[in-house]
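Coordinate inspection notes
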Amino acid sequence: MNKTFLLGMTLVGSMAFYSCSNYEGQEQDLNEGAEQVITLAVANGNNIATRAGRPLLSSEANQTIENVVLYIVNAGDNTIVKTLTFDNWQDEADYRTDDGKFKNIVLDEKLPDGNYEIFAVGYHTGSSYGTITDQLVSAGKFQENAVLTLSTDGSAEEIFAGSVAEFSVEKEKGFKKSVVLNRQVAGVFVYVKDIPYIEGAAKLRLVGSGENNQLVLGHFANLDLDNNGTGNTITEAVVNGATSGSAFDKVLTEVNLSEWFTNITPDENNLISTGDNYDNWKKPTFAGVTTQPTFEKGSVFGGAFVIPFAKVESNQTLTLQLTNSGNGVLRSWKVNLPTTPQYTLYTWEGSAFSAGTSVTENKNSYNIVRNNLYGIGERPSNDPGDGEDPDPEPGDPDKPTPLNNKHELELIVNDNWEVIHNMEIE
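Since the structure is predicted, the reported quantities are computational estimates derived from the model, not experimental observations.

1. Notes on the overall build of the chain
When you go through the chain residue by residue, the secondary structure sums to two helices and 29 strands. A burial count over the chain gives 54% of its 426 residues as buried. Total accessible area on the chain is roughly 17,100 Å²; 42% of this is exposed by carbon and sulfur atoms.

What follows is the structure in structure tokens.
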């Protein structure tokens, strides 16, 4: 929505700040008399935003969080030593190159000798997870592994976090540490065309074998990602979701076909007709954006952020369903991983994260892991029309997956997303 924010800086513990034009995120110990410097970076960002959190419209590397809070804590007991709160991150922070925003922080009042950790969390104003800062602090201590519960059973909301592991401080020598905040949720989207016509067809629904409504802020990464999920190899993956026990319908995202087609009628190939010159095709208006997204003519799209969840053994993890208005399934497709990645998997066990297990994913039954995007079709930008063509003709870079005669859907796992899986339909 091209919203502009003013960054309000709350100085706690007599901190003074400066920003510089180039990212200086390397960690190092400095010489006698040097400053104590923290570089705070959120990867990645642009200007599309909404107060309630941005919609997921593509695999584009985005973030629109308004608030970032940083805690310096004593490593021994997590007692908070200093707190810094940014109320309007988007405007005050500086861009690096094309991979996120950052802020350099100089501690005017140096930390005394000792061992410390740093934690930072970035979130939206009016978060659907409730008052974030109240849940991160208790009795003056930072609450790693805070469990945030969605206020309603629905799509998750983006939230970012990162940390610096325990380090020693010699007050007179100074230090420089970087904190990179990565996305704590996963994402899914459905971008398809050539939808089979079946009488009564009304919706496309992406259904999961599991669903969580609680997000655990812990086991933070400090990954300075690039390539926006392409060409990256995962060595560690995290399922940081839990459930409060509420009943879920496990529908991760839903496309109402009447919002994309004037009439649900068959064409000569028994597909839902787009009409002559696409005159039976339309697109919905998306809330929370200033510039409406563009889509390939004849396609439909649905996307959402989701709290990561563990696979249900031997169950298909994601299934695409064509349903009637009463959610009766008319046809379904298995949604499979195109490859079977190997990594050390950490999962939330109710009171702590597991020690980590070596996992090779199965193409049908797989974990939905943090900061991975699972997409059917390829959609690298919110605006493939480049601001000029409101409804571009079929062609690169957009590639909605055709559903006629398809047996496998292709997922994409990926601000920067760590990985993008281009899923396959079966």
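That covers the picture; the talk isn't over yet.
2. As for the sheet that holds strand S17 (residues 214-217)
With antiparallel pairing, three strands are arranged side by side in an open sheet as S12-S17-S19. Strand pairing shows two members of the sheet lacking a second neighbour, strand S12 (146-149) and strand S19 (241-242), which therefore form its edges. Taken together, the four bridges between S12 and S17 define a ladder with antiparallel strand orientation. What sits directly across from Val147, in S17, is Val216.

3. Focus: the confidence of the model for the chain
Here the chain averages 83 in pLDDT, while 84% of its residues score no lower than 70. Of all helices and strands in the chain, the one with the weakest mean pLDDT is strand S1 (residues 9-10) (26), whereas strand S16 (residues 203-208) scores best (98). Low pLDDT, under 50, characterises residues 45-51; the predicted model gives this stretch 38 contacts beyond four residues in sequence or across chains.

4. Notes on the side chain of Asn67
With respect to the secondary-structure elements, Asn67 resides in strand S5 (residues 67-74). Since its relative accessible area comes to 8%, Asn67 is described here as buried. Of note is the side chain of Asn67, whose polar atom sits 3.1 Å from the side chain of Thr125. Those residues in contact with Asn67 that lie beyond four places of it in its chain are Phe86, Asp87, Val121, Gly122, Tyr123, His124 and Thr125.

5. A look at the pairing of strand S9 (residues 114-123)
Across the 10 residues that make up S9, a large majority, eight, are buried. In this structure, S5 lies alongside S9, joined through eight bridges in antiparallel fashion. Bridge pairing in S9 links Asn74 to Tyr116. Of the pairings in the sheet, the one linking S9 to strand S13 (residues 160-169) comprises eight bridges and is antiparallel in character. Each residue of the ladder has a partner; that of Tyr116, found in S13, is Phe167.

6. Let's talk about the pairing of strand S6 (residues 80-86)
Summarising burial for S6: six of the seven residues are buried, a large majority. With six bridges joining them, S5 and S6 adopt antiparallel strand pairing. Opposite Val69, over in S6, you have Thr85 as the bridge partner. The turn linking S5 back onto S6 is made up of five residues, and Asn78 within it adopts a positive phi angle of 65°.

7. Some thoughts on the packing of aromatic side chains
Within the structure shown, the criterion is met by 14 aromatic pairs. Taking the centre distance of 6.1 Å and the plane angle of 65° together, the rings of Phe119 and Phe220 count as edge-to-face. Linking Phe119 in strand S9 with Phe220 in the loop between S17 and strand S18 (236-239), this pair joins segments that are 101 residues apart in sequence. A relative accessible area of 11% places Phe220 in the buried class.

8. Details of the nonpolar core
Counting residues in hydrophobic clusters, the biggest one holds 73 residues, and the most contacted among them are Tyr129, Ile195, Leu204 and Leu257. Broken down by element, this core gets its largest block of residues, six residues, from strand S15 (residues 186-193). Not counting residues up to four positions away in its chain, the partners in contact with Tyr129 are Gln135, Leu148, Thr149, Leu150, Ala156, Glu157, Ile159, Val185, Leu215 and Ile307. One finds Val42, Leu70, Ala93 and Phe167 within the second-largest nonpolar core, a separate group that totals 24 residues.

9. Side note on the sheet that holds strand S24 (residues 342-347)
Taken in spatial order, the three strands line up as S18-S24-S25 in an open sheet, and their pairing is mixed. The open sheet has two free edges, formed respectively by S18 and strand S25 (357-360), since each of these has just one partner strand. Averaged over all pairs of adjacent strands, the angle between strand axes in this sheet comes to 45°, irrespective of strand direction. Pairing of S24 with S25 involves four bridges; the strand directions are antiparallel. Bridging from a neighbouring strand, Leu345 pairs with Thr357 of S25.

10. Description of the pattern of salt bridges
When their charged atoms lie close together, side chains carrying opposite charge are able to pair. Tallied over the entire structure, the rule returns eight salt bridges. We note a salt bridge from Arg183 to Glu158, for which the minimum N-O separation is 2.7 Å. With Arg183 in strand S14 (residues 175-183) and Glu158 in the loop between S12 and S13, this residue pair connects regions lying 25 residues apart in the sequence. Summarising the burial analysis for this pair, Arg183 and Glu158 share the class buried. We note a salt bridge from Arg379 to Asp398, for which the minimum N-O separation is 3.1 Å. Here Asp398 lies in the loop between strand S26 (372-376) and strand S27 (401-402) and Arg379 lies in the loop between S26 and S27, a separation of 19 residues in the sequence. What emerges from the salt-bridge pattern is a single network uniting Arg54, Glu158 and Arg183.

11. Focus on unusual backbone geometry
Despite not being glycine, Tyr278 has its phi angle at roughly 65°, a positive value. Here Tyr278 shows up in the loop between strand S20 (251-256) and strand S21 (300-306). According to the relative accessible area criterion, Tyr278 is partly exposed, its value standing at 26%. Positive phi, close to 70°, is recorded for Ser314, a residue that is not glycine. Following the sequence through the fold, Ser314 ends up in the loop between S21 and strand S22 (318-323).

Rules used in this analysis
Residues numbered from 1 in each chain as written. Predicted model: local features only at pLDDT ≥ 70, side-chain atom pairs only at ≥ 80, totals over all residues. Heavy atoms only, no water. Helix = DSSP H or I, 4+ residues; strand = E, 2+ residues; numbered from the N terminus. Buried < 20%, exposed > 50% of the residue type's maximum accessible area, 1.4 Å probe, protein only. Areas by Shrake-Rupley, 256 points an atom, 1.4 Å probe, with all protein chains shown as cover. Pairing = 2+ DSSP bridges. pLDDT = per-residue confidence, 0-100. Contact = heavy atoms within 4.5 Å. Polar contact = N/O pair within 3.5 Å; in protein donor to acceptor, adjacent residues only side chain to side chain. Phe/Tyr/Trp six-rings, centres within 6.5 Å; stacked < 30°, edge-to-face > 60°. Core = buried A, V, L, I, M, F, W, Y, C linked by side-chain atoms within 4.5 Å. Axes fitted to C-alpha atoms, helices over the stretch in contact; angles between N-to-C directions. Salt bridge = Lys/Arg side-chain N within 4 Å of Asp/Glu carboxyl O.

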